Amino acid sequence: MIIDWIAQSGLLLLAVLVVFVPGLLMGFALRLRGLMLWASAPSISVGLLALLAIVFPFLGIRWALIAVAVAVVIIASVTFLISIWVRRGREIVDVPHPHARNTLLLIVGLIVGGGLNAARLMTYVGTPAAISQTNDAVFHLNALRWAAESGTVSSLDLSGLLGGTTFYPAAWHAVTSLVAPDIELIPVAANMVALVIAAAVWPLGVTLLAWVISRGDGIVTALAAALSAGLMAFPQLMFEWGVLYPYAVSLAVVPAAVALTITAVRSWRGAGRGDRLRLAAGPGVAALLAVVAVTLSQPSSVLAWGLLVMLWFTGSLLLGIRSPQARPVLRWVAIAGGWAALAIVWLILAYLAGPVLWRSYRGVFGAVADVLVNSHSLLPAAWGMSVLLLAGVVAAVRERRLRWLLIGWAGFSVLYIVSVSTDLPVIKRVLTGPWYGDSFRLAAMVPIVVVPLAAFGLAMIVRLVTTAAPRLSPERRDAVALVSMAVIAIVGVIGIALTPVVLLRVADETDEQSRYTMDADSYLSADEYRLLTELPELVPRDALLIANPSTGAGFAYVLGERDIVPRTWAPPQSLAWDLIADGLRDAGDDPAICEALAAYGAPDYVLDFGVGGTGPGEYLMPGMTDFEGRPGFEEVAREGEASLWRITACD
């Protein structure tokens, strides 16, 4: 398996460059340095690329790697010149360089956290060309092919894949499309971007958040990096459930967005009037791009950013409300205005998401137990992280400047508990509607606060051990921290070795294998996959196919490079489609079927991947199978139970 991943190292390098280089150039131009530069680079990149994807169609520019590279260089150069003008010859005021010991600790922590995340994802996926055997994968991979053909991957255009004109957040698609130089490599590119998100973007982002919250505490920062792989709820869960590529990238950049926002506000408030713009502009612009990245990846994640920022902002203002320089009225107005804005956005997103919510499957006490032992959405309990979380709660209670983070954990936990334990329509829609009441999405938010809290808890334990042991001086804390990270690494490696594939439990059902495994029982069977890859030799380039979309046949658009109706996993909602679904195989005897087919472009071929199913996201379509011996159909090819037929009834 590892040899297959090594063989795709070139594409992995391209994914790293696409995710980091635009942000590094912009961050350098904005005068960010050190950890803040590297950790915020992915969020800046995603935000910038998502904006460029929207602008390019208006300028008549096709979305391509070279065009994007030129645009990024121009924007970064202009930004750098503006930053020079803003500074007006003054010295750069940067974050002090960390001590060499802290740098070493940080590097070790990132290697541990990033390495464990990468190992867990690769063992679950299997090979870099594997395809997530899930409904959403059909849409996301097909969207990448559509982007390559149309030359646009704008959030205003991507719904064109399905013939729509509505907004669809396309930041992930903008990034991943640049990593796929060929349509055949689209599945590999999706997995490589997922690997970069899991092994680099998330560990760096949550590390930056811990660094900002702790005001540069080297031990807390390094431990947060190592603990970034401590919970399966994120990033691993989002590459299993769904598959939710856009949501994964949105949550991965939320910690950096929060950290940059806090830094920008601190810089503004801590500077003199003449220096505020000079000191706050860099992190402020970076924070704005990070929030854009979150919004154009998955808008619901903006609420996670807004909730954490407002909790910090409220706590920060209230802590200083009694100081002689404080203006209590202005502070209360700022707090009220911020929470009101967050509430309005929250309600709007809940309304736009619609009334369809996932049903509950846990009792209240069971949901609370999930929260306490970090077994959200029926994942295996994370006992070690839960102990460290408890220590972090103690640390937060003792240090009032950390209490906002504790409240954030409680808030995310309440959302999860509501999603899994109640079906009260108003409460569930108002509180969890932006996430469709999906406990998996809400569970994935929890590590954003649990990892920093656990890092503070472990740092407290490290300091207590150092203080209590007579032979350990305070200067030996770094050594104890290194030992702690070594333990984290050993426990993580053993866990992955013993259970390389942790199977998801959804309500009362448990997966039987990895959702990337392809065999006779998977969403897209091995026979169906072979038939789809043979389509370029079987049908003309301009041919149109039709099939039951819930059988995996929609992958024909990306894997077979031939157009198909529909291009996603869900069927169209129309009387014409209902007629086709129930009676396509009777087209030779019923002229109404041909009229219905004409409404969908008069397809030339039909894929028979079976009758479908009755599970979530599956549909029974008896008219789109069993064409053997039916007038008006000619068999073109067959692989096992999968077959391709030419429709002659409407000639």
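The text that follows walks through the structure, step by step, so that each part is easy to find. (Residues numbered from 1 in each chain as written. Predicted model: local features only at pLDDT ≥ 70, side-chain atom pairs only at ≥ 80, totals over all residues. Heavy atoms only, no water.)

**So, helix α25 (residues 591–598)**
Phase 1: Within the sequence span of α25, burial applies to I593, C594, A596 and L597. Seen from one end, α25 has its buried residues packed into an arc of 160 degrees, which puts them on one side. In α25, the exposed positions angled more than 90 degrees off the buried face are occupied by P591, E595 and A598.
Phase 2: Along its buried surface, α25 packs onto β3 (544–546), α24 (575–583) and β7 (642–647).
Phase 3: The backbone nitrogen of A592 lies 3.0 Å from a side-chain oxygen of the residue at the head of α25, namely D590. (Buried < 20%, exposed > 50% of the residue type's maximum accessible area, 1.4 Å probe, protein only. Helix = DSSP H or I, 4+ residues; strand = E, 2+ residues; numbered from the N terminus. Arc of directions from axis to C-beta. Contact = heavy atoms within 4.5 Å. Polar contact = N/O pair within 3.5 Å; in protein donor to acceptor, adjacent residues only side chain to side chain.)

**Some remarks on the side chain of S525**
Phase 1: Relative to the helices and strands, S525 resides in the loop between β2 (509–510) and α21 (526–533).
Phase 2: Not counting residues up to four positions away in its chain, the partners in contact with S525 are M518, D519 and A520.

**With respect to the pattern of salt bridges**
Close approach of charged atoms allows side chains with opposite charge to pair.
Phase 1: Taken as a whole and judged by the stated rule, the model has 17 salt bridges.
Phase 2: Among the ionic pairs, D563 bridges to R567, the shortest N-O distance being 2.9 Å.
Phase 3: Its relative accessible area of 18% is what places R567 among the buried residues.
Phase 4: As a salt-bridge pair, R646 and D651 come within 3.5 Å of each other at their nearest N and O atoms.
Phase 5: A relative accessible area of 28% means that R646 is categorised as partly exposed.
Phase 6: Because the salt bridges share partners, they merge into one network encompassing R359, D423 and K428. (Salt bridge = Lys/Arg side-chain N within 4 Å of Asp/Glu carboxyl O.)

**Observations regarding the environment of R362**
Phase 1: Note on placement: R362 falls in the loop between α13 (328–353) and α14 (364–373).
Phase 2: In the structure, R362 is positioned 145 residues away from A507 in sequence and 8.2 Å away in space, judged by C-alpha atoms.
Phase 3: Apart from the residues lying within four places of it in its own chain, the contact partners of R362 are D370, L378, V420 and S421.
Phase 4: Side-chain polar atoms of R362 contact the backbone oxygen of G366, separated by 3.2 Å.

**So, the packing of aromatic side chains**
Phase 1: Going through the model one piece at a time under the given rule, you end up with 15 aromatic pairs.
Phase 2: Arranged with centres 4.7 Å apart and planes meeting at 40 degrees, the rings of F627 and F633 form a pair that is tilted.
Phase 3: Geometry around Y557 places R145 over its ring, the cationic atom sitting 4.1 Å from the centre. (Phe/Tyr/Trp six-rings, centres within 6.5 Å; stacked < 30°, edge-to-face > 60°. Lys NZ or Arg CZ within 6 Å of the ring centre and 35° of its normal.)

**Some points on the pairing of strand β6 (residues 633–639)**
Phase 1: Examined bridge by bridge, β6 and β7 share 6 bridges and lie antiparallel to one another. When the sheet's bridge partners are listed, F633 is paired in β7 with I647.
Phase 2: Two successive antiparallel strands, β6 and β7, enclose a turn made up of 2 residues, where G640 displays a positive phi of approximately 65 degrees. (Pairing = 2+ DSSP bridges.)

**Examining the nonpolar core**
Phase 1: By size, the foremost hydrophobic cluster in this structure holds 207 residues, and its most contacted members are W63, M238, W409, F555 and L607.
Phase 2: Of the residues forming this core, the biggest block, 21 residues, is contributed by helix α8 (residues 186–213).
Phase 3: Each residue touching L607, except ones within four places of it in the same chain, is listed here: L531, L532, L545, I546, A547, A553, A556, I564, M624, S643 and L644.
Phase 4: The next biggest cluster of nonpolar side chains, apart from the first, holds 19 residues, and it includes L544, I546, A587 and I647. (Core = buried A, V, L, I, M, F, W, Y, C linked by side-chain atoms within 4.5 Å.)

**What about the packing of helix α10 (residues 245–270) against helix α12 (residues 301–319)?**
Any two packed helices are characterised by how steeply their axes cross, that is the angle between the axes, and by the distance between the axes.
Phase 1: Relative to each other, α10 and α12 sit at 25 degrees, their axes nearing to 9 Å. With respect to their mutual orientation, α10 and α12 come out roughly parallel. For the crossing formed where α10 meets α12, the hand is right-handed. Residue-level contacts link Y247, S250, L251, V254, A257, V258, T261, I262, V265, R266 and R269 of α10 to S301, A304, W305, L308, V309, W312, F313, S316 and L317 of α12.
Phase 2: Across the contact of α10 with α12, the residue classes break down as 14 nonpolar, 4 polar and 2 charged. (Axes fitted to C-alpha atoms, helices over the stretch in contact; angles between N-to-C directions. Parallel < 35°, antiparallel > 145°, perpendicular 65-115°, else oblique. Left-handed = near helix turned anticlockwise from the far one by under 90°. Nonpolar A, V, L, I, M, F, W, Y, C, P; charged D, E, K, R; others polar.)

**Focus on the sheet that holds β6**
Phase 1: Spatial ordering of the open sheet is given by β4-β3-β5-β7-β6, a layout of 5 strands whose pairing is mixed. Unpaired on one side and paired on the other, β4 (563–565) and β6 mark the two borders of the sheet. In this sheet, neighbouring strand axes are inclined to one another by 30 degrees on average, regardless of whether the strands run parallel or antiparallel.

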